[in-house]
Amino acid sequence: MDLGIEKKVALIIGGARGIGFSTGYEMALGGAKVVLSDIDGDAAENAAKRLADQTGADVIGMRTDISSLEDVQATVAAVTEKFGAPEIAIITAAIVDDKLFMESGPEDWQRMINICLYGPLNVLHTVLPSMAERNYGRIVCMATDSARVGQARLSYYAAAKAGVIALVKSVAQEVGSSGITLNVISPGATDTEIRQTREAAMKEQMGEDKYEARVKKVLRMYPMRRIGEPEDHASIIAFLVSDRASWITGQVLSVNGGFLMA
Ligand SMILES: NC(=O)c1ccc[n+]([C@@H]2O[C@H](COP(=O)([O-])OP(=O)(O)OC[C@H]3O[C@@H](n4cnc5c(N)ncnc54)[C@H](O)[C@@H]3O)[C@@H](O)[C@H]2O)c1
């Protein structure tokens, strides 16, 4: 499928690994100029080299802390100088905290909100003006099914992501007339570092047997009987930023093997 993104500039924040990197691969195959930015600058640069070698596309990697407006502005300025203003912005950067709400405190909430909610606010505020000027833009943010139905031990992560959904729907109403679409992917459990780290801690805490029983229980909640892979999301994000999806905006799409059907 021709995505219609050839030579377009695609900025992926959180692109060093996981769903962000996998989406970078799709963008590169579609002929876009790709920027993989991440708080882990070294990993972003290595990932960019890897992607350029694999696909022959124009790819750069750089460090950005999405929670800092100045950092995001500096990244977009550098990208604009190198490739041109971003026409596609995909925000995959996030952290997760596995804690009961009553065991958490203001510092935990602040860190989460800074990255998972201020992050998208910073990016949208920075990239939208030039998109509006060109009358073209594609933005995809990531939420989580826990933002839609809640999840014990993930309360303030879920709250921040619910904010992202509200943000995207609201801004989509403001900028649709400028040819800009914004959508949200809501992933179910997906095999990336953010999940692997949480699972490893759980295994340590529960012991091998209880953990294995939990893995089986989790799989039974997924009608497709597997958890997701980064590629499951990347192909859908590629569709959402493509010309084929130019009339889809303000939507939340669960990509979750049927875990939540809402
Ligand atoms: N993997 C899952 O099970 C799952 C489930 C639901 C939602 N999600 C969402 O999907 C998105 C992608 O996550 P993933 O699974 O690819 O995780 P991942 O851990 O593989 O990638 C997340 C990336 O974000 C980067 N990052 C963290 N803080 C940052 C900051 N301040 N500035 C810039 N970059 C930062 C990390 O360095 C990492 O490279 C996230 O928004 C996550 O909340 C993932």
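Residues numbered from 1 in each chain as written. Predicted model: local features only at pLDDT ≥ 70, side-chain atom pairs only at ≥ 80, totals over all residues.

(A) Molecular detail of the overall build of the chain. Scanning the chain from N- to C-terminus turns up 10 helices and 7 strands. Relative to the globule expectation of 18 Å for 262 residues, the C-alpha radius of gyration of the chain, 18 Å, shows essentially globular dimensions. Along the first, second and third principal axes, the C-alpha atoms of the chain reach 55 × 35 × 35 Å. Taken over 262 residues, the chain has a buried fraction of 44%. Summarising the internal contacts of the chain: among those between residues at least 6 apart in sequence, 74% fall at separations of at least 24. (Helix = DSSP H or I, 4+ residues; strand = E, 2+ residues; numbered from the N terminus. Rg over C-alpha atoms; globule rule 2.2 N^0.38 Å. Buried ≥ 20, exposed ≤ 12 C-beta atoms within 10 Å, placed from the backbone. Contact = placed C-beta atoms within 7 Å.)

(B) The arrangement of the site of the ligand in detail. The local shell around the ligand holds 28 residues, among which Gly18, Ala93, Ala94, Thr192 and Ile194 are the closest. For the shell around the ligand, the secondary structure elements donating two or more residues are helix 1 (18–29) and helix 8 (193–206). Residue composition of the shell around the ligand, grouped by class: 13 nonpolar, 9 polar and 6 charged. (Near = placed C-beta within 6 Å. Nonpolar A, V, L, I, M, F, W, Y, C, P; charged D, E, K, R; others polar.)

(C) Highlighting unusual backbone geometry. Even without being glycine, Lys7 reaches a positive phi, approximately 65 degrees. Assignment of secondary structure puts Lys7 in the segment before strand 1 (9–13). Exposure remark for Lys7: the 12 C-beta atoms within 10 Å place this residue in the exposed category.

(D) Molecular detail of the nonpolar core. The biggest cluster of nonpolar side chains holds 66 residues, and the ones touching the most others in it are Ala10, Leu11, Val34, Leu36, Leu51, Ile88 and Cys141. Tallying contributions element by element places helix 7 (residues 155–175) first for this core, with 6 residues. Excluding anything up to four places from it in sequence, Ala10 contacts Ile5, Met27, Ala32, Lys33, Val34, Val35, Ile88 and Ile90. (Core = buried A, V, L, I, M, F, W, Y, C linked by C-beta atoms within 7 Å.)

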